[in-house]
There are 4 protein chains.
Amino acid sequence: MLEKLKQEVYEANMQLPQLGLVTFTWGNVSGIDRQQGLYVIKPSGVSYEELTPADLVVVNLKGEVVEGQLNPSSDTPTHTYLYNHFPKIGGIVHTHSPWAVAFAAAKMDIPALNTTHADTFYTDIPAAAALTEAEITADYEGNTGKTIVQTFAKRHLDYEATPGSLVSQHGPFCWGETAAQAVYNAKVLEVAAEEDYHTLMLTRADSHVPQYLLDKHYYRKHGQGAYYGQNNAQSQTHAKRK
Amino acid sequence: MLEKLKQEVYEANMQLPQLGLVTFTWGNVSGIDRQQGLYVIKPSGVSYEELTPADLVVVNLKGEVVEGQLNPSSDTPTHTYLYNHFPKIGGIVHTHSPWAVAFAAAKMDIPALNTTHADTFYTDIPAAAALTEAEITADYEGNTGKTIVQTFAKRHLDYEATPGSLVSQHGPFCWGETAAQAVYNAKVLEVAAEEDYHTLMLTRADSHVPQYLLDKHYYRKHGQGAYYGQNNAQSQTHAKRK
Amino acid sequence: MLEKLKQEVYEANMQLPQLGLVTFTWGNVSGIDRQQGLYVIKPSGVSYEELTPADLVVVNLKGEVVEGQLNPSSDTPTHTYLYNHFPKIGGIVHTHSPWAVAFAAAKMDIPALNTTHADTFYTDIPAAAALTEAEITADYEGNTGKTIVQTFAKRHLDYEATPGSLVSQHGPFCWGETAAQAVYNAKVLEVAAEEDYHTLMLTRADSHVPQYLLDKHYYRKHGQGAYYGQNNAQSQTHAKRK
Amino acid sequence: MLEKLKQEVYEANMQLPQLGLVTFTWGNVSGIDRQQGLYVIKPSGVSYEELTPADLVVVNLKGEVVEGQLNPSSDTPTHTYLYNHFPKIGGIVHTHSPWAVAFAAAKMDIPALNTTHADTFYTDIPAAAALTEAEITADYEGNTGKTIVQTFAKRHLDYEATPGSLVSQHGPFCWGETAAQAVYNAKVLEVAAEEDYHTLMLTRADSHVPQYLLDKHYYRKHGQGAYYGQNNAQSQTHAKRK
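Residues numbered from 1 in each chain as written. Chains lettered and ligands numbered in written order. Predicted model: local features only at pLDDT ≥ 70, side-chain atom pairs only at ≥ 80, totals over all residues. Heavy atoms only, no water.

Looking at an unreviewed UniProt entry, chain A carries the name L-ribulose-5-phosphate 4-epimerase, with the source organism given as Lactobacillus bombicola. Taken from UniProt, the Cofactor (unreviewed entry) comment for chain A reads in full: "Zn(2+)". You can read under Catalytic activity (unreviewed entry) in the UniProt record for chain A the words "L-ribulose 5-phosphate = D-xylulose 5-phosphate". (UniProt positions renumbered as here; feature names shortened; annotations may be inferred.)

Now the structure itself:
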């Protein structure tokens, strides 16, 4: 069942230790088949050294296990919530990467201070509100997804242009068109947090990049006018040929 | 004598350089056989490149060497003291991991500021009082264990729920049900110190997580209601199956 | 075409991940054949794992692609501008190395605070002015080169003695006699930024090195009187022989 | 000539990249044969990948090259000065390790704030005075040694108990009974600088360890009463045997 997707999600999970984004088993990646309404996710607490594609668990959009011997990630209800409310995403990743956690613990957004950030995230990366005691008691992992979705609604953020969020006191969640893209975004978020931390120590001036620089860098890589890389229609135009 | 335990303690010692927790020989792990009242510990000053399971030294709960050609870790009296006063622990580790040492030198607790911390440590990780001159002169290593035990008593801390401590001006000691679990806890302590350092620089607000979030994360992984991973009774329930 | 130069530029590009200067594809190196007026540059968005010398693109000093199936780096107009205005340089590198980006985002120069810096950069490394909206709209990548050249002119800096610059809000560009030398300079810039950051946190005193120490260290390695290494005329004199 | 010493000094040099103490060629180690009054040192500007024992240069205590095809380290006069004024040392190392350089640039001592430091350095590690213009012009490298020796004299420091120094605006020099011991001390200095930096950010309180803790840790490893490791007379006594 979903063998190709399992392979993709397996490879995306294995990127986490290679990119320095996880300690022990503190991370999980999922990827969805939108047509079947099923997603594939890492099992809970299995080490990356031992993980195989066959260990992955298949879950439906009610959060029920459809296939798999192992228990899915304990964060599965968060993934379910996000897949249901962000209908265009194809993959989700959660880590406890340390720079991101430092901002999440301080309940601070990761501000858009440079073009590294702007290439991937079109706005500040929000720190979604910490869960209340009632939310934690009722459905901790589901409400972890809910606080992200509510924060995006309240701030009028586009989840496609801002493909990730912190959850205050906890850590980062990212997403993307595929599981691999979600992991890429999680690495960008971690690097942006590291760079921002040092910038915020160097100066008390507001160092936000202006909107026109955000526009330039973000749209250099995304949308109809993108010309970064090899696969955009515009990149042929940008590369003037003699 | 205690061949299986020696192998376990050897492997736990070898985890220290792999997890980036030691420079040179600045760390040691022990593990105990409670039935025999004997524990196995790294020899003093032997490099991790050269260490073999046969080099480990067997010590009784009076702190006497029972087997082994090499001298045990110079911190052996600390291990003896902790095994005698924390009767449910099965392994102990001491390192000079740098983020933990930074907090120990500042005589500061590692505060519980995020869920990474809460997953493993149910409270702030205390900085036990620095030893007095009299304590150092009388029995330095033994009194290093004593200041930890006294700090836990004074603060009404449960050593099973807070499986580690700093010693002010010195560094971290951790413990657990096994030697491997103690090393796992030592890595969590180091990561928590790193994350907390950056959070404390980012904000002067009190960022302690509330008790209900500590409860949620700690008990998601520990005790009767735990549902993280594959081996808890509750994890089957948590993973709803269709 | 330009096979030897392609090999050199390929190797210089591959140094970027080895020196810890790039994440993903966020960097590019070029090298020029001044006699032919042609330069060789990394293709846009190709990963370092997949890059081969044959993938490199040949560009002329009007910025036109002369040879190559792939699109050149999206930063190609910056390279063209710099080659045209800094006539003695043989190689250029752009990265998003994190310490340099932290300073660029803060719009701060990397000050000359120690001899590590002085060995390679004879002055503070300037943070060139951020681009205006008009400059971004008109020709973003070309004007990125222009702000560097203008900053050097305004501050009366010698681009041979200060072989690199930050661009505010963005990141570092470095150059040198060859592509390999440019990459060397990019690593020095990153290390200097890391060291300066910590020095600036340790003290509020002005820690600039005096001009005579800059002179000593810079000219120990550069120019007629250089005596560092094996290839300088003066090094034989410096090494007194019995 | 001095083949055994060359091998030792070669291996000590190769420890520098393995311990993360050098970038490019920014470091050099020497070791001396006191009976012959000759020392062996790394050649100038040779990369660690290419270095062989046969490349090492033999120098006498007047600083003259006695054997070797290559030019010795440009810092050779510093080594000569230190060997002449610190008669009991057997090896010297100079690096530009980044935490040490951050303190040197700030002209700050590395204070004794924890036992990691006290195990190897019995006092604060001094930042020797920056060289004056006259000193730089007259004999830069020789006077680099002189400022260290003068600083030790002025502060009544014992170079055997404090086996290293910063030179303000420049970086660290360490020494020891052998070249290998000097490199060990250079790593301790770098780790102490890293830990101290973070402690100094965490608290404004004076965190110096008291003299009695310095005594305990330093003499646990050094002198007649040492009991750390396997080779001290006292370690047999410390390890009580049943």
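Asks: Talk me through the packing of helix H6 (residues 179-202) of chain C against helix H6 (residues 179-202) of chain D; I want residue IDs and the actual numbers.
Replies: Close contact between H6 of chain C and H6 of chain D brings their axes to 11 Å; oriented N to C, the two are set at 40°. It follows that H6 of chain C is oblique to H6 of chain D by the angle criterion. Once H6 of chain C is placed against H6 of chain D, the crossing between them reads as left-handed. Contact with H6 of chain C, carried on its side by Tyr197, His198, Met201 and Leu202 of chain C, involves Tyr197, Leu200 and Met201 of chain D of H6 of chain D and no other residues of that element. Taken together, the residues that form the contact of H6 of chain C with H6 of chain D break down as six nonpolar, one polar and no charged. (Axes fitted to C-alpha atoms, helices over the stretch in contact; angles between N-to-C directions. Helix = DSSP H or I, 4+ residues; strand = E, 2+ residues; numbered from the N terminus. Parallel < 35°, antiparallel > 145°, perpendicular 65-115°, else oblique. Left-handed = near helix turned anticlockwise from the far one by under 90°. Contact = heavy atoms within 4.5 Å. Nonpolar A, V, L, I, M, F, W, Y, C, P; charged D, E, K, R; others polar.)

Asks: Please give an account of the relation of the copies chain A and chain C that cites residues and values.
Replies: Each copy superposes on the other: chain A lies on chain C with an RMSD of 0.0 Å after a rotation of 90° and an axial shift of 0.0 Å. The transformation relating the two chain copies, once decomposed into turn and shift, fits a four-fold axis. When C-alpha positions in chain A are compared against the rotation axis, the closest is assigned to Met201 of chain A, at 5.8 Å. When the interface residues of chain A are mapped onto chain C, a mere 5% of them are again interface residues, pointing to distinct binding faces. (Least-squares fit on C-alpha atoms with pLDDT ≥ 70 in both.)

Asks: Please provide a residue-by-residue account of the side chain of Asn143 of chain A, values included.
Replies: Residues and elements named next belong to chain A. Mapped onto the secondary structure, Asn143 falls in helix H5 (residues 133-154). Here Asn143 falls in the buried class, since its relative accessible area comes to 13%. There is a polar contact of 2.9 Å between the side chain of Asn143 and the backbone oxygen of Glu135. (Buried < 20%, exposed > 50% of the residue type's maximum accessible area, 1.4 Å probe, protein only. Polar contact = N/O pair within 3.5 Å; in protein donor to acceptor, adjacent residues only side chain to side chain.)

Asks: Requested: an account of the relation of the copies chain B and chain D, with residues and values cited.
Replies: For the pair of chain copies, the relating transformation is a rotation about an axis with a translation along it. The two copies are related by a screw motion: chain B maps onto chain D through a turn of 90° and a shift of 0.0 Å along the axis, at an RMSD of 0.0 Å. Take the interface residues of chain B: only 5% of them recur as interface residues in chain D, which is what a contact between different surfaces looks like.

Asks: How would you explain the interface of chain B and chain D if you had to name every residue and give the values?
Replies: Contacts between chain B and chain D engage 42 residues on the former and 39 residues on the latter. For the pair chain B and chain D, the summed buried area comes to about 3400 Å², and 57% of that belongs to carbon and sulfur atoms. If you sort the residues of chain B by the area they bury against chain D, Trp26, Asn71 and Gln169 of chain B come out on top, with a joint share of 19%. Seen at the junction of chain B and chain D, the total is two salt bridges. We note a salt bridge from Arg220 of chain D to Glu141 of chain B, for which the minimum N-O separation is 2.8 Å. If you look at where chain B meets chain D, you find 18 residue pairs in polar contact (both at pLDDT 80 or more). The set of elements that each furnish at least two residues to the side of chain B that touches chain D consists of strand S4 (65-67), helix H3 (98-105), helix H5 (133-154) and helix H6 (179-202) of chain B. (Buried area = accessible area lost by both parts, 1.4 Å probe. Salt bridge = Lys/Arg side-chain N within 4 Å of Asp/Glu carboxyl O.)

Asks: Can you explain the arrangement of the chains? Please cite residues and give values.
Replies: One finds no contact linking chain B with chain C; the least C-alpha distance across the pair is 12 Å. Taking C-alpha atoms only, the smallest gap left between chain A and chain D, which are not in contact, amounts to 12 Å.

Asks: Go over the packing of aromatic side chains with me, naming the residues and quoting the values.
Replies: A full pass over the atoms with the stated rule returns 48 aromatic pairs over all chains. An angle of 65° between the planes, with centres 5.5 Å apart, marks the rings of Tyr122 of chain D and Tyr219 of chain D as edge-to-face. Of this pair, Tyr122 of chain D sits in the loop between helix H4 (115-118) and strand S6 (127-128) while Tyr219 of chain D sits in helix H7 (residues 211-221); the two residues are 97 residues apart in sequence, bridging distant segments of the chain. Residue Tyr122 of chain D is classed as buried on the basis of its relative accessible area, which comes to 18%. Relative accessible area serves as the criterion here: at 43%, Tyr219 of chain D is assigned to the partly exposed category. Residue placement shows Lys42 of chain C over the ring face of Tyr48 of chain C; its charged tip is 4.9 Å from the ring centre. (Phe/Tyr/Trp six-rings, centres within 6.5 Å; stacked < 30°, edge-to-face > 60°. Lys NZ or Arg CZ within 6 Å of the ring centre and 35° of its normal.)

Asks: Go over a positive patch on the surface with me, naming the residues and quoting the values.
Replies: A contiguous patch of positive charge, built from Arg204 of chain A, Arg204 of chain B, Arg204 of chain C together with Arg204 of chain D, is present on the exposed surface. Mapped onto the secondary structure, Arg204 of chain A falls in the loop between helix H6 (179-202) and helix H7 (211-221). Since its relative accessible area comes to 81%, Arg204 of chain A is described here as exposed. (Patch = residues over 30% accessible without salt bridge, like charges linked within 9 Å, V, L, I, M, F, W, Y side chains within 5 Å. Areas by Shrake-Rupley, 256 points an atom, 1.4 Å probe, with all protein chains shown as cover. Lys, Arg positive; Asp, Glu negative; His and termini not counted. Charge placed at Lys NZ, Arg CZ, Asp CG, Glu CD.)

Asks: Describe the interface of chain A and chain C, and please don't skip the residues or the numbers.
Replies: Counting residues at the interface gives 39 residues for chain A, matched by 42 residues for chain C. Across the interface of chain A and chain C, roughly 3400 Å² is buried in total on both sides, 58% from carbon and sulfur atoms. It is Leu202, Tyr212 and Gln230 of chain A in chain A that bury the most area against chain C; as a group they hold 20% of the surface buried on that side. Across the chain A-chain C interface, the total number found is two salt bridges. For Arg220 of chain A, the salt bridge identified is with Asp75 of chain C, shortest N-O distance 3.4 Å.

Asks: Please set out the sheet that holds strand S8 (residues 171-176) of chain D residue by residue, giving values where relevant.
Replies: Residues and elements named next belong to chain D. One open sheet accounts for eight strands, arranged S4-S3-S2-S1-S5-S8-S7-S6; its pairing is mixed. If you trace the sheet from one side to the other, it starts and ends with strand S4 (65-67) and S6, each paired once. Note that strand S1 (residues 27-33) and strand S2 (residues 38-41) share four bridges and pair antiparallel. Each bridged residue has a counterpart across the sheet, and for Gly31 the counterpart in S2 is Val40. Strands S1, S2, strand S3 (57-60), S4 and strand S5 (91-95) of the sheet are contacted by helix H1 (residues 3-18), whose axis makes an angle of about 155° with S1. (Pairing = 2+ DSSP bridges.)

Asks: Account for the sheet that holds strand S5 (residues 91-95) of chain A, naming residues and giving values.
Replies: Residues and elements named next belong to chain A. If you walk across this open sheet you meet the eight strands as S4-S3-S2-S1-S5-S8-S7-S6, and the pairing is mixed. The open sheet has two edge strands with one neighbour each: strand S4 (65-67) and strand S6 (127-128). Here strand S1 (residues 27-33) pairs with S5 via five bridges, running antiparallel. Counted as the bridge partner of Gly27 is Thr95 from S5. Sheet contacts for helix H1 (residues 3-18): S1, strand S2 (38-41), strand S3 (57-60), S4 and S5; angle to S1, the most-contacted strand, approximately 155°.

Asks: Tell me what's going on with the pattern of salt bridges, and back it up with residues and numbers.
Replies: Residues and elements named next belong to chain A. The full count for this structure, using the stated rule, is 28 salt bridges over all chains. For Lys4, the salt bridge identified is with Glu8, shortest N-O distance 3.1 Å. Remark: Glu8 and Lys4 occur in helix H1; sequence separation between them is four residues, near one turn of the helix. Accessibility expressed as a relative area gives 35% for Glu8, which makes it partly exposed. In this structure, the salt-bridge partner of Asp109 is Arg155, at a minimum N-O distance of 2.8 Å. With a gap of 46 residues between them, Asp109 in the loop between helix H3 (98-105) and helix H4 (115-118) and Arg155 in the loop between H5 and strand S7 (164-167) connect regions that are remote in the sequence. When its relative accessible area of 21% is taken as the criterion, Asp109 is described as partly exposed. Its relative accessible area of 37% is what places Arg155 among the partly exposed residues.

Asks: How would you summarise the environment of Lys146 of chain B if you had to cite specific residues and measurements?
Replies: Residue and element names in this part refer to chain B. By the element assignment, Lys146 lies in helix H5. Lys146 sits in the partly exposed class, given a relative accessible area of 32%. As for Lys146 and Leu82, which are separated by 64 residues in sequence, their C-alpha atoms are 7.8 Å apart.

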